[in-house]
Amino acid sequence: MLFRSAQWDGKEFILIDTGGWTQDSSEMMSQISTQVQKAIDESDLILFVLDFKVGITQEDQDVIKLIRKTKTPVLLVANKVDGAEAENQIGELWSLGLGEPIPVSALHGRGSGELLEKIKENLPNESKFKDTKKGQIGRAHV
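All of these numbers come straight from a predicted model, not from anything done at the bench.

Scoring rules and cut-offs
Residues numbered from 1 in each chain as written. Predicted model: local features only at pLDDT ≥ 70, side-chain atom pairs only at ≥ 80, totals over all residues. Heavy atoms only, no water. Helix = DSSP H or I, 4+ residues; strand = E, 2+ residues; numbered from the N terminus. Buried < 20%, exposed > 50% of the residue type's maximum accessible area, 1.4 Å probe, protein only. Contact = heavy atoms within 4.5 Å. Areas by Shrake-Rupley, 256 points an atom, 1.4 Å probe, with all protein chains shown as cover. pLDDT = per-residue confidence, 0-100. Salt bridge = Lys/Arg side-chain N within 4 Å of Asp/Glu carboxyl O. Core = buried A, V, L, I, M, F, W, Y, C linked by side-chain atoms within 4.5 Å. Pairing = 2+ DSSP bridges. Right-handed = clockwise from strand over helix to strand, strands pointing away.

Novice: Can you break down the overall build of the protein residue by residue, with the values?
Specialist: Assigned secondary structure in the protein consists of four helices and eight strands. Considering the protein as a whole, with its 142 residues, one finds that 39% of them fall into the buried category. For the protein, the proportion of contacts with a sequence separation of at least 24, taken over those separated by at least 6, is 66%. Roughly 8,400 Å² of accessible area belongs to the protein as shown, and the carbon and sulfur atoms make up 49% of that amount.

Laid out in structure tokens, this is it:
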């Protein structure tokens, strides 16, 4: 897992990138899946990022089942939405039941400000986690 401190408009938080999730039985994949489950359980906010160009995979469907078992708020982020035409097609993601999809393009920085605003709006005022030096700081799982 990769941890990064971030701040947006006065709100500090930690982003946790768990990498992909799979039910593959290999030792490495098993460890990644365990880390993803732990991050889901220990986050104030979940950013469920999917590759819009690839579409919804079986692994995505499996993670969505895990996410639905938690009461943690979720933002559905559609990455690789590189233009207006692609943005017009994200409506199909509503069917996942995770709320309004947020279109972004990490490559071009498209939608990053909007995503940061949504993170700020959805992180609780008081995190369930404490940083020993900074006090309470939100955690967002990516």
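That covers the picture; the talk isn't over yet.
Novice: Could you give me a rundown of the confidence of the model for the protein, with the residues and numbers involved?
Specialist: Of all residues in the protein, 79% have pLDDT values of 70 or greater, and the mean over the chain is 82. Here strand 7 (residues 135–136) is the element of the protein with the lowest mean pLDDT, 52, and strand 5 (residues 102–103) is the one with the highest, 96.

Novice: Outline the pattern of salt bridges, supporting the account with residue identities and numerical values.
Specialist: Pairing is possible between side chains of opposite charge, provided their charged atoms come close. Counted according to the given criterion, the structure contains four salt bridges. Close ionic contact of Asp 9 with Lys 120 constitutes a salt bridge, the shortest N to O distance being 2.4 Å. Linking Asp 9 in the loop between strand 1 (2–8) and strand 2 (11–17) with Lys 120 in helix 4 (residues 112–122), this pair joins segments that are 111 residues apart in sequence. Since its relative accessible area comes to 55%, Asp 9 is described here as exposed. In this structure Lys 120 comes out as partly exposed when scored by relative accessible area, which is 25%.

Novice: With reference to specific residues and values, describe the nonpolar core.
Specialist: The nonpolar side chains of a soluble globular protein tend to be buried with one another. The biggest cluster of nonpolar side chains holds 19 residues, and the ones touching the most others in it are Phe 48, Phe 52, Ile 67, Leu 76, Leu 93, Leu 96 and Leu 98. Mapped onto this core, the elements with two or more residues apiece are helix 1 (27–41), strand 3 (45–51), helix 2 (58–68) and strand 4 (74–79). Of all the elements, helix 2 adds the most residues to this core, at four residues. Counting residues in hydrophobic clusters, the runner-up holds 10 residues, among them Leu 47, Val 104, Ile 119 and Leu 123.

Novice: Could you give me a rundown of unusual backbone geometry, with the residues and numbers involved?
Specialist: The backbone of Asp 9 sits at a positive phi, close to 50°, despite the residue not being glycine. With a phi close to 70°, Lys 80 is a non-glycine residue in the positive phi region. Structurally, the position occupied by Lys 80 is in the loop between strand 4 and helix 3 (84–87).

Novice: Give a detailed account of the pairing of strand 4, specifying residues and quantitative values.
Specialist: Of all six residues in strand 4, six are buried; the element is thus mostly enclosed. Every second residue of strand 4 is oriented toward a common face, with Val 74, Leu 76 and Ala 78 on one face and Leu 75, Val 77 and Asn 79 on the other, all of them buried. Where strand 3 lies against strand 4, six bridges are found, and the strand directions are parallel. Pairing of Ile 46 across the sheet is with Val 74, part of strand 4. You can see the chain leave strand 3, run along helix 2 and come back into strand 4, and the turn it takes is right-handed. With two bridges joining them, strand 4 and strand 5 adopt parallel strand pairing. From the neighbouring strand, Val 77 faces strand 5, where its bridge partner is Ile 102.

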